[in-house]
Each structure stands twice: as structure tokens, then as C-alpha cells.
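Observations on the model geometry
Next come the chains, spelled out residue by residue.
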Amino acid sequence: MSDDLELFDSATFSQSLAHHPQPWQLFRQALEHARLVLDSRFLDGHDIEALVQARTALIDQLLGQAWMHYGLENHSLPMALVAVGGYGRGELHPHSDIDILILMQQEPTPALASVTSQFVTFLWDLGLEIGHSVRTLDECRHEAGNDLTVITNLLESRLVLGSRALYQQLEEAIGPLHMWDSRAFFLGKCEEQRQRHDKFNDTEYNLEPNVKNSPGGLRDLQTILWIARRRFGMQTLASLQAPGFLTTGEYQLLARARAFLWRTRYALHMLAGRSEERLLLEYQAKVAALFGFDGDEAKANIEQFMQQYYRTVMGISELGDLIRQVFEEQIVRSPSHQVPQRINERFRIRDGYLEHCQPYVFSDTPSAILEVFVLLARHPELKGVRSETIRLLRDHRYLIDDDFRQSPDNTRLFVELFSCAEGVHMNLRRMNKYGILGRYLPEFGQIIGQMQHDLFHIYTVDAHSLNLVKHLRKLRHPDFAEKFALAGAIIARLPRPEVLYMAGLYHDIAKGRGGDHSELGAEDAEAFARRHQLASEDRRLMVWLVRNHLIMSTTAQRKDLSDPEEIHNFATLVGDQMRLDYLYVLTVADINATNPKLWNSWRAQLLRQLYSETRRALRRGLTNPLEREELLETRQATALSWLCSDGACNAEVHKIWASLGDDYFLRHSAGDIAWHTAALLEHGDSTEPLVRVRETSQRGFAGGTQIFTYAPNRQDFFAATTAAMAQLNLSVYEAKITTSSDEFTIDSYIVLEADGDRIGNDPERIQAIQQRLSDVLRSPEQYPEVIQRHIPRQLKHFNFAPLITIHNDAQRPFTVVEVVAPDRPGLLARIGKVFMDFDLSLLNAKIITLGERIEDVFFITGADGQPLSDPQLCQQLQEALTAQLSPSLG
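These figures come from a predicted structure and were not determined experimentally.

1. Notes on the pairing of strand E15 (residues 841-846)
Of the pairings in the sheet, the one linking strand E11 (residues 730-739) to E15 comprises 3 bridges and is antiparallel in character. By the bridge assignment, Lys 736 is partnered in E15 with Asn 844.

In C-alpha cells, the structure reads:
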């Protein structure tokens, strides 16, 4: 039996249909049989193009059978059944929409309109996703003339059944002589693509890309074919192998890329049982297995498959840009009579684009490959590179070998790019898109398309690294002065910002190799700096930045910045003001380039605080660290001065302070101490709970919202308070817990709204928070220990065993509990409940959410106020926290 007969036997079907009492059953059986056959062929590795064409042929036959079953084939009024859209192209995946046009010569009679309605309803009842329109020829002409989407659908239409003469009239009516000439069509499609790309942040590297609509996806390929068809009459991808369009090698690359995306799309439809175009996290592992990535490490399988996906769509984007530029040169730009402006003997400017002077420019002068990008940076007025020069550049990439990389001319040109006033990031990105950067820097080539399978890193490693350089460059511009005031001021005074850009390019260069990527990356940075003959001071700085690029973020978010010893340790590591400046700016850019949602006002304030405290420590001198007693006295004196200036009584202030230990004054700023004290003075001797809310800073982009609570002490306060905050959709970033000698708890929380914004000046919201927290402090036992709230879809796919680390520091009077666990609603309340069950006192907490996981640090003591010293107790605490935070409880 042939493949076609195995899929659908038209003659047998027609005979059965003539006598079957319920025709819909036959159609459904045929569809289900064909689905099983095609899915089996797909799993057996059959050619994907044959599969999508086979499904199209099947639908043609079934729709034809239905058309004739309803008597529409022999109707007296000329009409036609026309396939449009993807169905018209012959590209049907298991659950693709089946778009049809019922074309009429004239308005249908009521009887005919009723029959066509029954026909469409029948198709819907079969479970087909039908998109349909019933239009006359005049209506088609009108709609297509006014709507780019309609003309595009009709452009790739084909006749399934009916009047060929009528269909030919439609083809003539929508031709470029009557509407949408090739120039208007090209410009419309380019704008449509730009808007579509903007919805995906104009990047191929999304965590859950849309195979159809993301940049580099199938829609980009279709756009190329639509334009080619409208202007040049080219009907297929293969027809683009014409002089001036695609070389054979370029066509083969696009054909392989399309086949890969078709297989991915087919797999998604098959797995989801619906028209699913997104490579969602829940499907990535299954699709990876279908593509042969089925090793023991599921995460590695996904990352390897996604790297192939990203490299595929990157290739489509690269060639797509080239082809669109060819189209633009032939469709939009008028022939210019201006004499090209010569830059040097190798390059000139024509119509605002860089162009080579001679076809042998790269073979004769290989360094001209890098010179292209330096010239683009030197001439920011240039729109880009002419298409023929891009193609020539691509054809000579093979020249980039070890000798090329060692050439002083080439190393000089590459370093020169980083020193250009404009275009550093843009031209590094061009180098990456044209396949130059990964060849010139093989270590960078290893991270191209490398995705880290988590919710924290939303870009591939190469995209993130280039994005970091982009953020560094943006910090120099006035538009970002308010949001990044300190970073902008620092980068403006850096003596050698080009070293910072190079460190940014290399900071994650060793991701994915195993081991410490910071140490391995520092080795690569050392080799790069020596090969490019950087001055010894610049080399040491670049290597140091790569090795320590995470340390400032880690210290700010995980260490107690009120502890002078922590500041001294960090200042000792940094060593001098110059390194501090470079590291601060690099850290700000790194966070912003990792995930736009990661940067918030609280992280900004933590980094500013660490920077300011470290600068103060460096000025004081590393051999003369600030002592605890001196810090305590300074903060008390400053707070007292502010309180007295507002009319507070010195004796009353000291009465309140007498019940607070030294740690309270060491862990809070003078401003916080004054705010707390003023609230307690106003509260008087009342035993009612006290709740105050304020912004930590008046600056528009600084700090978070601070919540201060005061109430008679109970061990369940932290668990109940954090549960209530979760109910209020507040995210806790820091908690400082103090118990006074008269058994009152004085707690301070830094919170943000769930979306990362501050609460701001919203009286109703503040009142609601104060009321809810006052209620919980009165009756903590009435609040749930665990918030029962829906877990976001993406979080469900990142279950892993919690990692609990418990250790003491001989120089500090507390035990440190570090928790790495999957993020879940109510997690802090669960941890607080465990601490309460073990009769532990929480002193401080640093809360860090990194995508799908939390990395929180808690500073605790036992019931006796001392660090935990019993190994068995620590083991039991570790086991209890692990059990409470395991994903099965989520």
C-alpha cells in the first residue's frame, strides 16, 4: 500500500460516504486514522516536509468530500473553495488553523448561504480549527486593498475546488498593478515584523520562545517569501536561489532551519494536543527527548536542545536581515547618482551604507574583516553594511584562524572598537550576528545560544554578555541619570571604560564548562589581555573584575551591611577606590542585563549602601577599621540630635534605649533609630501593637518600603507576620528582629509590592497594611502558617531538593542558616514556623529571590540567646527545614 493510500483512500471513503447514516463519523475516523499514521511517521523520523504536505493533501480531500456532500460542487452560481494562509501554503501541522475562503461570483441566495453555513458548521463539528470567510469577488478586492493581513492571506491562496475562472479573476484583482505595489507591501511587512519583534523584546533568546512568531521564527521566513512573491513572483524558498538573492549554501541553511522549526512545531502540537506555538518549560524536556537529547541529566538535555534552537533562529535572523536588505536595495531605494564617498582604499560609503571597494578586499587584507566594525563605530551616521558586503564578509569568515587571531593588526583593531565614542555594543552585536565574534573569540563561540534552564537568566549567555555591554554604555546617557545616578556619575569619571566593556564581555565567558566560571573566566581574560597587549595595569584590572564580578552583589544581598566587620572584609577584598568604582558599575549593569525584573529599588539601595560604606572604609584606611563601640556611639549621638531637634526629651529617649541591646543600634541606621524612637515615644505605655509604614528614601528610584512593628513578644510573630504580608501581596526583602529587655519585639521589614514596585504614597494601601498587621500582632494564632495560593505555572517546572546550610562564625554571636529552595507562596511563614517549633530567636534575615529559587540567609540564636552549639540540634533543624520546604509540599 502506498503512503497516500495508507493515509486516506479517497475511492473507498466516497463509497462508504454514499451509504453511511452519520457522515461525520466517517470524517472523524479518517482524521483520527491520519493523525495516528502521521504521528507514527514523525516519531520514526520521516521527512517533515512530506508530513506537513501529506496533512495538507488529506485536508484537501476531506474538505472536497464535504464540499461535494453538501452539493456545492455543481451549484449553478459560480463559486470556489480556496485555501488561504498556512493552508494555502501547504504547511499544515497537527493542529494548525485551516483557513478557507468561499469565493462567490455574487451575493449568495438565502438557500445557498444556508448550505455554506451548514458546510462550515460541519467542519467545526469535526474538530477542525476552521478560519473562514464567505466573500464575493468585489468584497475580496475591497478588503484586500485596505488590509495588509487580508492581501497576505490571499497572496498565498490556492484553489481546492470550484470555479477556476473565478479564482483566476481573484488572482488578477489582487495583483500589484491594482493594489499594494511591491514598495508599499515591503514597507508594510517590515513594519509588521518590527512590531511583532518588539512583543518579544526584539531578541531570539527568550526563555519560552514562540516557534512561529518570535524573532528568527517561522513567521520571519514566511515574511521573506511573501515579499519575494509579491515583487519577484518567487513561489518557494528554493526559488530564492537566484543571482543576487540566495547562494546555494544560504538556501540550504534556511531549508535546514525551516525543517528544524517545522519538526519542533509538529512536536509541540502533538504533545500539547492543540495549536501550541510556544516552547513552554513543560514541553522543552519532552521535545528535547524527541530530538535525541535523552541523556541522564534532564537539565543538560534541555539546554543542549535549546542551544540548537537558538542557533537555528539566529541563523534565520542573520540571513533574513541580509535578504531584506537586498529587497530594500531593489524595491525601495531609488538609483543614486551620487558618487560614493571613499573612506580608504578598501571601503566607501554608498547611500548611507558601508560598501567594499573591491571583491578581493578580504582575501587580500584579512584584517579588513574587523575593520568593517571599527569603521561603522567611527561613522555612527552609517545605516549599516550593504548586502553584498555582508555576503562577502560571510564568505570570508574562514580566514579567521589562529594566525588571524594572533595578528597585531587584528588585535589592535578589536581593542580599538571598545574605545570608540559610539557603537560599541551595536557593532559587537553585528559581529555576533554575522558570525565573526565567535570565530575571533572561540571561547565566546562556545557560549553562543547557551541557555541556562532557570527563571533567573532569561537570556542566553552570549546575549546576556552583549546586553551587559549595552547597559554599561546606557549608563553614560542623561536619559538614565535619574534611575542610575550613582552609576552614571562613576562611569563618567572612569579613566579607562574600555577595560570595563571588555570585562563585561568576558565576565560569563566560562559558563557551562563546569567548575567556577569566575575563576575559569579570569584565566580566559588573562589570555585575552596578553594576546591583545593590554597594559599590565589594565590586564590586572580586567582579570580581577572577571574573577570578582559576583562578589559585590553577593555581599550586598547576603551579608549584614550594618556589621562593620563585613564592610571591612569587603573593603579589604576590593583594595582601593578605583576597583570599587569599576566593580560597582559592572554589578549594576550585570543585574540589569540578567533579567529586567531583577533590578528593583531595594537592590539598588543595598548596592549604594555597600558602595558608600566601603568607600568610607577605604578612606579611613584598611589598617584603621571602625570599631563597634565607635559606630554605636556615633549612631546614638546622631539619632539623639535629630530627636531632640524635633522636641523629644533626652531622658525619655534614653529610657526607651535602655531596654535595647547594643545589637539593635549596630543593625539599624541613625535615621531608622530616630524613626522607631519617635514612634515609641508617641505610642507611650500602650500595650497595643504599633505598626508604622514609610519609604526608606524619598528618591524616586531608591529603597523599598519599611514596615516597623512593636508589640509584646511572641515567638510566632515572624511566621504570622510574613504570612499576613504574603496575603497582602507584599514581598519581604529584609527582616530585623529585636527583643527588648522588657519582652517587647521591635521588628523592621523592608518590603516591595509583588511586582517589585514600592508601596508609595497610597494612604488606602498603607492603612490596609497597618490594619492587617495590627490584627495579626494581636492574635497571631489566628493567621495561617502557610499561604494557600496558586503556584505560577513556570515555578512548577523547577522542583529541586532544598539545600540547608547551618554554620557558626566564631567572631559573631549568632548562627547563620542559609536556605536555597524552590520559590513558593508562604515560604517565609513556613521557615518562621520551623524556627518557632525549635524555640529559636530570629535576629536578621536577608531575602533573595532569583527566578525560580530563593537564596535566603537567617541569623538566629537559641533560646539562651547564644549561637547553636549542639550538632544534633543543627541536624534536626536542617531536616525540619528540608521537609517543610520540599517541593512536594508546594
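2. Let's talk about the nonpolar core
Within the largest apolar cluster, 215 residues are counted, with the highest numbers of intra-cluster contacts made by Phe 119, Leu 123, Phe 414, Leu 428 and Met 542. The element contributing the most residues to this core is helix H14 (residues 298-331), with 14 residues. Excluding its chain neighbours within four sequence positions, the residues that come into contact with Met 542 are Val 499, Met 502, Ala 503, Tyr 506, Ala 525, Phe 528, Ala 529 and Leu 534. By size, the runner-up hydrophobic cluster in this structure holds 44 residues, among which are Leu 773, Val 834, Leu 840 and Ile 854.

3. Examining the packing of aromatic side chains
With the rule as written, the count across this model stands at 28 aromatic pairs. Above the plane of the ring of Phe 291 lies Arg 263, whose end atom (NZ or CZ) is 4.4 Å from the centre.

4. Points about the sheet that holds strand E2 (residues 98-104)
The 4 strands lie next to each other as E3-E2-E1-E4, forming an open sheet whose pairing is mixed. The open sheet has two free edges, formed respectively by strand E3 (130-136) and strand E4 (158-162), since each of these has just one partner strand. Adjacent strand axes in the sheet meet at a mean angle of 25° when their direction is disregarded. Where E2 lies against E3, 7 bridges are found, and the strand directions are parallel. Across the sheet, residue Asp 99 finds its bridge partner in E3, namely Gly 131.

5. Structural notes on the sheet that holds strand E5 (residues 341-342)
Backbone-to-backbone hydrogen bonds pair the strands of a sheet. The strands run either parallel or antiparallel. Spatially, E5-E6-E7-E8 is the arrangement adopted by the 4 strands of the open sheet, whose pairing is mixed. Here the strands that pair on one side only, and so sit at the sheet edges, are E5 and strand E8 (384-385). For E5 and strand E6 (residues 347-350), the ladder comprises 2 bridges, and the chain directions are antiparallel. Pairing of Gln 341 across the sheet is with Ile 349, part of E6. Across the sheet, helix H16 (residues 368-378) is in contact with E6, strand E7 (353-356) and E8; its angle to E6 comes to roughly 45°.

6. Description of helix H36 (residues 717-727)
Of all the 11 residues making up H36, 10 are buried; the element is thus mostly covered by neighbouring parts of the structure. All buried positions along H36 are accounted for by Phe 717, Phe 718, Ala 719, Ala 720, Thr 721, Thr 722, Ala 723, Ala 724, Met 725 and Ala 726.

7. Notes on the packing of helix H3 (residues 23-43) against helix H12 (residues 248-272)
Their axes nearest at 11 Å, the elements H3 and H12 cross at an angle of 130°. In terms of orientation, H3 lies oblique with respect to H12. Judged by the sense of rotation from one axis to the other, the crossing of H3 with H12 is left-handed. Along the contact surface, H3 presents Leu 38, Asp 39, Phe 42 and Leu 43, while H12 presents Arg 263, Tyr 266, Ala 267 and Met 270.

8. Considering unusual backbone geometry
In the Ramachandran plot, Asp 351 falls in the positive-phi region, its phi being about 55° despite a non-glycine side chain. Here Asp 351 lies in the loop between E6 and E7. Located in the positive-phi region is Asp 839, a residue other than glycine, with phi close to 60°. Locating Asp 839 in the fold gives a position in the loop between helix H38 (827-837) and E15. The class for Asp 839 is partly exposed, based on a relative accessible area of 36%.

Definitions and limits used
Residues numbered from 1 in each chain as written. Predicted model: local features only at pLDDT ≥ 70, side-chain atom pairs only at ≥ 80, totals over all residues. Heavy atoms only, no water. Pairing = 2+ DSSP bridges. Helix = DSSP H or I, 4+ residues; strand = E, 2+ residues; numbered from the N terminus. Core = buried A, V, L, I, M, F, W, Y, C linked by side-chain atoms within 4.5 Å. Buried < 20%, exposed > 50% of the residue type's maximum accessible area, 1.4 Å probe, protein only. Contact = heavy atoms within 4.5 Å. Phe/Tyr/Trp six-rings, centres within 6.5 Å; stacked < 30°, edge-to-face > 60°. Lys NZ or Arg CZ within 6 Å of the ring centre and 35° of its normal. Axes fitted to C-alpha atoms, helices over the stretch in contact; angles between N-to-C directions. Parallel < 35°, antiparallel > 145°, perpendicular 65-115°, else oblique. Left-handed = near helix turned anticlockwise from the far one by under 90°.

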